[in-house]
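Breakdown of the fold
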Amino acid sequence: MADIATASARTTIDVLRAIGEDTRFRIVALLHHGELTVSDLTDILGQSQPRISRHLKLLTEAGVVEKHREGAWAFFDLVAHGPVAAMVGVAIATADPDDPVLANDLDRLALVRNQRAATAQEYFAAIADRWDEERSLHAPDDVVEAAIVAALADRPYRSVLDMGTGTGRMLQLLIGDRLDVRAIGLDNSHSMLGVARANLERAEVHGVDLRQGDVYSPPVEPGFDLVVVHQVLHFLHDPARAVHEARRLLNPGGRLLIVDFAPHGLEFLRTDHAHRRLGFRDDTVVGWLQQSGLHADEPRRIEPPDDARGLHDDERLVVTLWLARDIEVPATTADFAAELAAEVASGSTSDAVPEGAL
Ligand SMILES: C[S@@+](CC[C@H](N)C(=O)[O-])C[C@H]1O[C@@H](n2cnc3c(N)ncnc32)[C@H](O)[C@@H]1O
């Protein structure tokens, strides 16, 4: 604990009081597994919405929990940094994980999340064959796709993982007729993969491995120059975890491209299109990327077409590209540089340094 910044005695007492109550401790233990809404907590804990809201208010006032509003929904999360986060972390870690009440809460959390995921999957199964049409709600695809290609142009790639591949559109764009790229498309919807398979065959994109699997536990070994998460995060209950998984699969020097909406107020995308999040702020996504140890480029925004100009700002769907890179030097280059340095030191080097090797 010596390296943890201290809080005032007053703050410490307030935090201990806030979490020192049965329901509030259970809420804190649940939020430790990712952000939740009041309605999630109501379903899990079986308590009324006003009671849950009152507990969340007390936790928020004590600085234990942070709230962020997104349209009609509010998400609650534990504070991530500082002495209060450390104090709460110790309290959670100390509690017996086999405690029947806490273990039951976690089972209920898994159940609620599975129900939400099943709703989204039903939606994808229903719309699989007309998904490309749904995508036209925002900036035209050709504009977004040109921006993606331009953003990735500064560096070649030989392996691509498309997480939540849907109809396989990103694979068509990024692989095309190249035979030198190893590509995997991952999706948890069997129906979507069926459409992707047909589309890739029709477009004569060969050698793509389409796999059914979840972005939270991808059935894929690490080793990709490029991982793409295109219009997927807004469906997820724990987007930060998906970003972390995507990052884990990168090669040294690899890049992670996230494409999703900037914050908006189109609530119907939740009710009619299974979205969970109404877009993401730059600092949120960049924060996830940086926490994963990546270096994030400046986000690129793609505005909707001119005919959306009459709409309120929060009704316009702005697509954002967040590109981040692992700044570790690829092993081959690093090894070569080390060898070269050793040779220079021993005086045995020749002048023959391959072009572009360093
Ligand atoms: C909006 S579509 C986007 C598809 C594609 N990336 C594109 O932009 O054309 C979202 C896709 O994410 C998939 N998906 C949603 N949650 C997922 C999860 N937890 N694991 C894997 N795929 C998921 C859905 O099945 C769907 O095909």
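Computed from a predicted model, the values in this text were never measured in an experiment.

This paragraph deals with the packing of aromatic side chains. All told, the structure shown has two aromatic pairs when counted by the stated rule. Centroid distance Trp-73 to Phe-75: 6.1 Å. Interplanar angle 50°. Geometry classified as tilted. Relative accessible area serves as the criterion here: at 0%, Phe-75 is assigned to the buried category. A centroid spacing of 5.7 Å and a plane angle of 70° characterise the contact between Phe-280 and Trp-288, whose relative ring orientation is edge-to-face. The class of Phe-280 is buried, set by a relative accessible area of 2%. Over the ring of Tyr-157 we find Arg-178; its NZ or CZ atom is 5.1 Å from the centre of that ring. Lying over the aromatic face of Phe-224, Arg-182 brings its terminal NZ or CZ to 4.6 Å of the ring centre.

Our focus in this paragraph is helix α8 (residues 141-152). Here α8 contains 12 residues, and its C-alpha end-to-end distance of 16 Å stays within 8% of the 16 Å for a straight helix at 1.5 Å per residue. All of the buried residues along α8 are Val-144, Glu-145, Ile-148, Ala-151 and Leu-152. Along the axis of α8, the buried residues cluster in a sector spanning 125°; they form a single face. Residues of α8 that are exposed and point over 90 degrees away from its buried face: Asp-142 and Ala-150.

Further remarks concern empty space enclosed by the protein. All told, the structure shown has two cavities of 30 Å³ or more when counted by the stated rule. Considered as a void within the structure, the second largest cavity measures approximately 30 Å³ in volume. A total of three residues in the lining of the second largest cavity trace back to one element, the largest contributor, which is helix α6 (residues 100-127). For the lining of the second largest cavity, the class distribution of residues is two nonpolar, one polar and four charged.

Turning our attention to the sheet that holds strand β2 (residues 65-70). Read from one edge to the other, the open sheet built from three strands follows the order β1-β3-β2, with strand pairing classed as antiparallel. Edge positions in the sheet fall to β1 (36-37) and β2, since each has one partner strand and no second. The pairing of β2 with strand β3 (residues 73-78) spans six bridges and is antiparallel. Residue pairing for β3: Lys-67 is matched across the bridge by Phe-76.

Per-residue confidence for the chain averages 86 on the pLDDT scale, and 85% of its residues sit at or above 70. Segment residues 348-358 is flagged for pLDDT under 50; beyond a separation of four residues in sequence, or across chains, it makes 13 contacts in the model.

Right, let's get into helix α5 (residues 82-94). Given a rise of 1.5 Å per residue, 13 residues ought to cover 18 Å, and the 19 Å separating the end C-alpha atoms of α5 matches this to within 8%. Within α5 the residues assigned to the buried category are Val-84, Ala-85, Ala-86, Met-87, Val-88 and Ile-92. Along its buried surface, α5 packs onto α1 (9-19), α2 (22-31) and β3.

Position of Arg-113 among the secondary structure elements: in helix α6. Sequence-distant contacts of Arg-113, that is, excluding residues within four places in its chain, are made with His-33, Gly-34, Glu-35, Leu-36 and His-237.

Another aspect to go through is the environment of Leu-186. Inspection of the secondary structure assignment puts Leu-186 in strand β5 (residues 182-187). Spatially, the C-alpha atoms of Leu-186 and Asp-209 are 8.5 Å apart, while their sequence positions differ by 23 residues. Sequence-distant contacts of Leu-186, that is, excluding residues within four places in its chain, are made with Leu-161, Asp-162, Met-163, Gly-164, Thr-165, Arg-211, Gln-212, Gly-213, Asp-214, Val-215, Pro-218 and Pro-219.

Relative to the assigned elements, His-55 resides in helix α4 (residues 49-61). Of the residues examined, His-55 reaches a relative accessible area of 3% and is grouped as buried. C-alpha separation for the pair His-55 and Ile-19, spaced 36 residues apart in sequence, amounts to 9.6 Å. Residues within four places of His-55 in sequence aside, it is in contact with Glu-21, Thr-23, Arg-24, Ile-27 and Gln-47. Of the polar contacts made by the side chain of His-55, one reaches the side chain of Arg-24; its length is 3.2 Å.

It is worth spelling out the nonpolar core at this point. By size, the foremost hydrophobic cluster in this structure holds 31 residues, and its most contacted members are Ile-148, Leu-257 and Leu-321. Ignoring any residue separated from it by four or fewer positions in sequence, one finds Leu-257 in contact with Ile-148, Leu-152, Val-227, Val-228, Val-229, Leu-321, Trp-322 and Leu-323.

Before going further, it helps to examine the pattern of salt bridges. In this structure the tally under the stated criterion is 18 salt bridges. Here Arg-158 makes a salt bridge to Asp-180, at a shortest N to O gap of 3.9 Å. Taken together, the positions of Arg-158 in the loop between α8 and β4 (159-163) and Asp-180 in the loop between α9 (169-175) and β5 put the pair 22 residues apart, joining distant regions of the chain. Owing to a relative accessible area of 52%, Arg-158 belongs among the exposed residues under this scheme. Three or more residues joined by partner-sharing salt bridges are found here, namely Asp-154, Arg-255, Asp-297 and Arg-325.

About the criteria used
- Residues numbered from 1 in each chain as written.
- Predicted model: local features only at pLDDT ≥ 70, side-chain atom pairs only at ≥ 80, totals over all residues.
- Heavy atoms only, no water.
- Phe/Tyr/Trp six-rings, centres within 6.5 Å; stacked < 30°, edge-to-face > 60°.
- Buried < 20%, exposed > 50% of the residue type's maximum accessible area, 1.4 Å probe, protein only.
- Lys NZ or Arg CZ within 6 Å of the ring centre and 35° of its normal.
- Helix = DSSP H or I, 4+ residues; strand = E, 2+ residues; numbered from the N terminus.
- Expected span 1.5 Å × (residues − 1).
- Arc of directions from axis to C-beta.
- 1 Å grid on protein atoms, 1.4 Å probe; cavity = no way out; pocket = protein on both sides within 12 Å on 5 of 7 lines; lining within 4 Å.
- Points joined across faces, edges and corners; volume = space filled by probe spheres on them.
- Nonpolar A, V, L, I, M, F, W, Y, C, P; charged D, E, K, R; others polar.
- Pairing = 2+ DSSP bridges.
- pLDDT = per-residue confidence, 0-100.
- Contact = heavy atoms within 4.5 Å.
- Polar contact = N/O pair within 3.5 Å; in protein donor to acceptor, adjacent residues only side chain to side chain.
- Core = buried A, V, L, I, M, F, W, Y, C linked by side-chain atoms within 4.5 Å.
- Salt bridge = Lys/Arg side-chain N within 4 Å of Asp/Glu carboxyl O.

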